[in-house]
Amino acid sequence: MKIVAYLLAFVLTFSVGALIAGLITFIPTMIHAYIYKKVNGFWESFMSGGLECFVLILLSMWIFSWFNFHLPLLYVIIISIAFLSNNYHRLQTRSNYNSELGYLVAQSFGFLGVYLSFILNEAIPFNFL
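Residues numbered from 1 in each chain as written. Predicted model: local features only at pLDDT ≥ 70, side-chain atom pairs only at ≥ 80, totals over all residues. Heavy atoms only, no water.

A. Expanded view of the overall build of the chain. Within the chain one finds four helices and zero strands. The order of helices and strands in the chain, counted from the N terminus, is α-α-α-α. A compact globule built from 129 residues should have a C-alpha radius of gyration of about 14 Å, and the chain, at 15 Å, falls within 12% of that. Viewed in the frame of its principal axes, the chain has a C-alpha envelope of about 50 × 25 × 25 Å. Residue burial in the chain is summarised as follows: out of 129 residues, 39% are buried. (Helix = DSSP H or I, 4+ residues; strand = E, 2+ residues; numbered from the N terminus. Rg over C-alpha atoms; globule rule 2.2 N^0.38 Å. Buried < 20%, exposed > 50% of the residue type's maximum accessible area, 1.4 Å probe, protein only.)

B. Representation of the nonpolar core in the model. Ile-57, Phe-64, Leu-71, Tyr-75, Phe-111, Tyr-115 and Ile-124 are the most contacted members of the largest nonpolar core, which totals 23 residues. Listing elements by their share of this core, those giving two or more residues are helix H1 (2-36), helix H2 (42-66), helix H3 (73-93) and helix H4 (97-120). Once residues lying within four places of it in the same chain are set aside, the contact partners of Tyr-115 are Leu-71, Pro-72, Leu-73, Val-76, Ile-124, Pro-125, Phe-126 and Asn-127. (Core = buried A, V, L, I, M, F, W, Y, C linked by side-chain atoms within 4.5 Å. Contact = heavy atoms within 4.5 Å.)

C. Structural context of the packing of H2 against H4. Between H2 and H4, the least distance of the axes is 7 Å, while the angle of their chain directions is 35°. Considering only the axes of H2 and H4, their crossing is right-handed. Considering only residue class, the contact of H2 with H4 consists of 15 nonpolar, nine polar and one charged. (Axes fitted to C-alpha atoms, helices over the stretch in contact; angles between N-to-C directions. Left-handed = near helix turned anticlockwise from the far one by under 90°. Nonpolar A, V, L, I, M, F, W, Y, C, P; charged D, E, K, R; others polar.)

D. Spatial organisation of H3. For H3, built from 21 residues, the straight-helix expectation of 30 Å at 1.5 Å per residue is met to within 8% by its first-to-last C-alpha distance of 30 Å. Inspection of H3 places Leu-73, Tyr-75, Val-76, Ile-79, Ser-80, Ala-82, Phe-83, Asn-87, Arg-90 and Leu-91 among the buried residues, and these make up the whole buried set. (Expected span 1.5 Å × (residues − 1).)

E. Looking closely at H4. Look at H4: 34 Å from first C-alpha to last across 24 residues, which is about the 34 Å you get at 1.5 Å a residue. Directly after H4, the chain includes Glu-122, whose backbone phi takes a positive value near 60°.

F. Quick look at unusual backbone geometry. A positive phi angle, close to 60°, is found at Asn-68, a residue other than glycine. Mapped onto the fold, Asn-68 is located in the loop between H2 and H3. For Asn-68, a relative accessible area of 71% puts it in the exposed group.

G. Fine view of the side chain of Thr-13. Inspection of the secondary structure assignment puts Thr-13 in helix H1. When its relative accessible area of 0% is taken as the criterion, Thr-13 is described as buried. For Thr-13, the side chain forms a polar contact with the side chain of Ser-60, separated by 3.1 Å. Side chain to side chain, Thr-13 and Tyr-75 meet in a polar contact 3.0 Å long. Excluding anything up to four places from it in sequence, Thr-13 contacts Ala-18, Leu-56, Leu-59, Ser-60, Tyr-75 and Ile-79. (Polar contact = N/O pair within 3.5 Å; in protein donor to acceptor, adjacent residues only side chain to side chain.)

Shape is all these values report; function is a separate question.
What follows is the structure, encoded as structure tokens:
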């Protein structure tokens, strides 16, 4: 049953979670672009990437709770590597280097940072698997 939780959380996190995080950060991004007449730089993308980490970890916790499990560290490591490899590819291929670098740096520390903050605040227990 835990394998089903991993697979479902992975699929929903990449599809629904990324969509939700994108919608949450879309309005502030558009306001910033309208006011300052420029595309996102490093810090705007850094904040968006950190918010995306928070939303994706919350969604993953919710999905694992459907099966009466807690979010394991192994899942957080897997999703961190998946997002980092995607962001590294985007950094190499897209034209806005500073923006993509902001996402990469934020998500390098964001997934584990959000997960550890939930553990320290006793919102979830620590499980590796």
